[in-house]
Amino acid sequence: MVKIALLGSTGSIGRQVLNVVERYPEKFQIISMAAGSNAVLFSEQVNKFKPKIACLSNPEGVSKITEIPKGTEFYYGESALLHAVTDECDIVFDAVMGYAGLKAVKYAIELKKPIALANKETLVAGGGLIMPMARENGVDIIPVDSEHSAIWQCLNFNKVKEFKKILITASGGALRNVPVSELENVTASDALMHPNWNMGKKITVDCATMVNKGFEVIEAMWLFNAKREQIEVVVHPESIVHSMVEFSDGAIISQMGIPSMELPIQLALTYPDRLFIENHELNLFGKTLNFKEIDKERYPAFFTVDKAMEMGYNFPCAVSAGDERVVELFLEGRIKYTEIPLYLEEVLQKTERLPLTFENLEYTDKISRVIVDELYLKRCK
Ligand code: NDP
Ligand code: MG
């Protein structure tokens, strides 16, 4: 029985982790679970899965929790998340959105627990600290992001196997067919209508701008110890090929399947074994696969994230935290879609270069959001 500490249980990934646990109750148990603000759903989940530890980060939600099962310890407040990273678990599943996931990963490494990592912001902001720390402590970081899971599968679950190139596929996001001249007028609901994947709001907007793909390049560099020039992004609108690896003899191995996160989620918990998932057959008859380069005019934010990666230090953290705040402003209808890359560029320009330490990441995370808010106020005047 694998005991899972599930962080971010109420989110899109978290709910699918619970589907996997429900599918194989004899194999998996939720030992602890944590969420942010969605107290109503969290309460339902806690009463259904009866974890030993339940943690809600936003204290405002507590009044909505009417019942806690006997035998469940309940924590709430800003640092509650860390209580869910318990020594009693066999694996930590980090499905929290944003920078909040990083501290939990750090703590899981200190406890020497393997980590199934959906939370890509951890590696974007702090890969330079997290990866060496994981190596020193012998902690396995298992990819959950579909592209990285695909790459890992193409490498036969061997993250250090030699390869020539990684080809990360990108769907192009919800606005891929909107003429560039009309992007200025798209609304949040337009950007949230992803053609192939059903995900949380922040990542769905990041897919439209391709900030997400910029993050995934950084994530792949850390997970597979790849140089930037070994990674290519390929726009593949059908989302059938989830990514590919090219070897020195020219062979390209790909992983294909229907667009579903349940496969990478389940595989992160069962590898090298593969267990049955219903309705996951891909019928290739009649399908056409297309592959294109990224359109610079349509996706300027991808190149801003790439620049942050080249700049190193705390710049990827700045662009990631800045993006969290900018996407919030966009979802609230306060800024235009086409302003997102402009804000991210400004965040980079205004960020002070700092050595990579956990303290500096904490500071950069906070200050980057302030930089965005100040820019917003200035532009409103
Ligand atoms: P969602 O927004 O759907 O869910 C985020 C989860 O994180 C929620 O459970 C939320 O709680 C929780 N959360 C946020 N802040 C905190 C906090 N401070 N403490 C505790 N819990 C917190 O996001 P997704 O599930 O879409 O994405 C999660 C992560 O996985 C992201 O990093 C994303 O980039 C990555 N990912 C997602 C994919 C997808 O298909 N969705 C694919 C690949 C990667 P609450 O809702 O209660 O506030
Ligand atoms: Mg992905």
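Our structure is the block above this text.
A brief look at the structure comes next. (Residues numbered from 1 in each chain as written. Chains lettered and ligands numbered in written order. Predicted model: local features only at pLDDT ≥ 70, side-chain atom pairs only at ≥ 80, totals over all residues. Heavy atoms only, no water.)

Topic: the overall build of the chain
Here is the rule: Note on conventions: DSSP H or I runs of at least 4 residues are helices, E runs of at least 2 residues are strands, and numbering of each starts at the N terminus. Only C-alpha atoms enter the radius of gyration, while the globule expectation follows 2.2 Å times N to the 0.38, with N the number of residues. Here's how the labels work: a residue is buried when its accessible area is under 20% of the maximum for its type, exposed when over 50%, partly exposed in between, all with a 1.4 Å probe on protein chains only. When charges are counted, Lys and Arg contribute as positive and Asp and Glu as negative, whereas His and the chain ends are disregarded. By convention, the point assigned to a charge is CZ for Arg, NZ for Lys, CD for Glu and CG for Asp.
Assigned secondary structure in the chain consists of 14 helices and 11 strands. For a compact globule of 381 residues, the expected C-alpha radius of gyration is about 21 Å, and the chain comes in at 20 Å, within 12% of that figure. Dimensions of the chain, computed from the C-alpha atoms along their principal axes, are close to 60 × 55 × 40 Å. Every one of the 381 residues in the chain was classed for burial, and the buried ones make up 56%. Taking the average place of the 41 positive charges on the side chains of the chain and the average place of its 51 negative ones, the gap between the two points comes to 1 Å.

Structural notes on the pairing of strand 2 (residues 28-35)
What counts, and what does not: One requirement defines pairing of two strands: DSSP has to find at least two bridges between them. Handedness of a crossover is defined as follows: with both strands directed away from the viewer, a clockwise route from the first strand across the helix to the second makes it right-handed.
Burial runs high along strand 2: 7 of the 8 residues are buried. Sheet topology note: the strand 1 (residues 2-7)/strand 2 ladder contains 6 bridges and is parallel. Of the residues in strand 2, the one forming a bridge with Val 2 is Phe 28. Once you follow strand 1 into helix 1 (residues 12-23) and on to strand 2, the crossover reads as right-handed. In terms of handedness, the path from strand 2 via helix 2 (residues 39-49) over to strand 3 (residues 53-56) forms a crossover that is right-handed.

Considerations on the sheet that holds strand 5 (residues 91-94)
Pairing between the strands of a sheet comes from backbone hydrogen bonds, and it takes one of two forms, parallel or antiparallel. Where we set the bar: Whenever a helix is involved, its axis is fitted only over the stretch in contact; in every case the axis is a line through C-alpha atoms, and angles between N-to-C directions fall within 0 to 180 degrees.
Taken in spatial order, the 7 strands line up as 4-3-2-1-5-6-7 in an open sheet, and their pairing is parallel. Every interior strand has two partners, whereas the edge strands, strand 4 (73-76) and strand 7 (141-143), have only one. Recorded for the sheet is a direction-independent mean angle of 20° between the axes of neighbouring strands. As judged from the 3 bridges shared by strand 6 (residues 115-117) and strand 7, these two strands associate in the parallel manner. Across the sheet, residue Ala 116 finds its bridge partner in strand 7, namely Ile 142.

Regarding the coordination of the magnesium ion (ligand 2)
Quick note on the threshold: Shown as donors are all N, O and S atoms within 2.8 Å of a metal ion, widened to 3.2 Å for Na, K and Ca; because water is not in the atom set, sites may appear incomplete.
The protein atoms donating to the magnesium ion (ligand 2) are Asp 145 (OD), Glu 147 (OE) and Glu 216 (OE), with metal-donor distances spanning 2.1 to 2.2 Å. The sequence pattern describing where the donors of the magnesium ion (ligand 2) fall on their chain is D-x1-E-x68-E. Here Glu 147 is found in helix 6 (residues 146-154), whereas its partner Glu 216 is found in helix 9 (residues 211-223), with 69 residues between them in sequence. In terms of burial, Glu 147 and Glu 216 fall into one category: buried.

Here we look at the site of ligand 1
What counts here: One heavy atom within 4 Å of a molecule or strand makes the whole residue count as near it. Any pair of N or O atoms that falls within 3.5 Å is considered a polar contact. Within protein, one atom must be able to donate a hydrogen and the other to accept it, and sequence-neighbouring residues count only if both atoms are side-chain atoms. When residues are grouped by polarity, Ala, Val, Leu, Ile, Met, Phe, Trp, Tyr, Cys and Pro land in nonpolar, Asp, Glu, Lys and Arg in charged, and all others, Gly among them, in polar.
As a structural note, the neighbourhood of ligand 1 is formed by 25 residues, with Thr 10, Ser 37, Asn 38, Ser 57 and Glu 121 the closest of them. One of the backbone N or O atoms of Gly 36 is found 2.9 Å from an oxygen atom in ligand 1. Contact distances for ligand 1 include 2.7 Å between an oxygen atom and a side-chain N or O atom of Glu 121. Within the shell around ligand 1, the residues separate by chemical class into 11 nonpolar, 11 polar and 3 charged.

Some thoughts on the packing of aromatic side chains
Selection rule: Side-chain rings of Phe, Tyr and Trp (the six-membered ring for Trp) are treated as a pair once their centres are within 6.5 Å; stacked means planes under 30 degrees apart, edge-to-face means over 60, and tilted covers the remaining angles.
Applying the stated criterion to the full structure yields 6 aromatic pairs. With 4.8 Å between their ring centres and 70° between their planes, Trp 152 and Phe 157 make a pair best called edge-to-face. Overall, the relative accessible area of 1% leaves Trp 152 in the buried class. Classification of Phe 157 by relative accessible area gives partly exposed; the value is 21%.

Focus: the state of the cysteines
Put simply, the rule reads: Counting rule for disulfides: a pair of cysteine sulfur atoms within 2.5 Å.
Inspection of every chain in the model, using the stated rule, returns 0 disulfides. The structure places no disulfide on Cys 154, whose sulfur is separated from the nearest cysteine sulfur, that of Cys 207, by 20 Å. On the basis of relative accessibility, which here comes to 7%, the residue Cys 154 falls in the buried class.

Concerning the environment of Glu 219
Here is the rule: Only heavy atoms enter the contact rule, under which two residues are in contact if any of them lie within 4.5 Å.
Examined against the element boundaries, Glu 219 turns out to sit in helix 9. When the C-alpha atoms of Glu 219 and Gly 11 are compared, they prove to be 21 Å apart, with 208 residues separating the residues in sequence. Residues within four places of Glu 219 in sequence aside, it is in contact with Lys 120, Leu 123, Asp 145 and His 148. At 3.4 Å, the side chain of Glu 219 forms a polar contact with the side chain of His 148.

Quick notes on the packing of helix 11 (residues 300-311) against helix 12 (residues 315-331)
Counted only if it meets this: An angle below 35 degrees is treated as roughly parallel, one above 145 as roughly antiparallel, one from 65 to 115 as roughly perpendicular, and anything else as oblique.
Direction vectors running N to C along helix 11 and helix 12 enclose 150°, while the axes themselves pass 7 Å from each other. With respect to helix 12, the element helix 11 is oriented roughly antiparallel. For the pair formed by helix 11 and helix 12, the contact residues are Thr 304, Ala 308, Met 309 and Met 311 on the first element and Phe 315, Pro 316 and Val 319 on the second. Tallied by class, residues from the contact of helix 11 with helix 12 come to 6 nonpolar, 1 polar and no charged.

A closer look at unusual backbone geometry
Here the residue pair Tyr 271 and Pro 272 is connected by a cis peptide bond, since its omega of 0° sits within 30 degrees of zero. The backbone of Phe 157 sits at a positive phi, close to 60°, despite the residue not being glycine. With respect to the helices, strands and loops of the structure, Phe 157 is situated in the loop between helix 6 and strand 8 (165-170).

None of this, on its own, says anything about what the molecule does.
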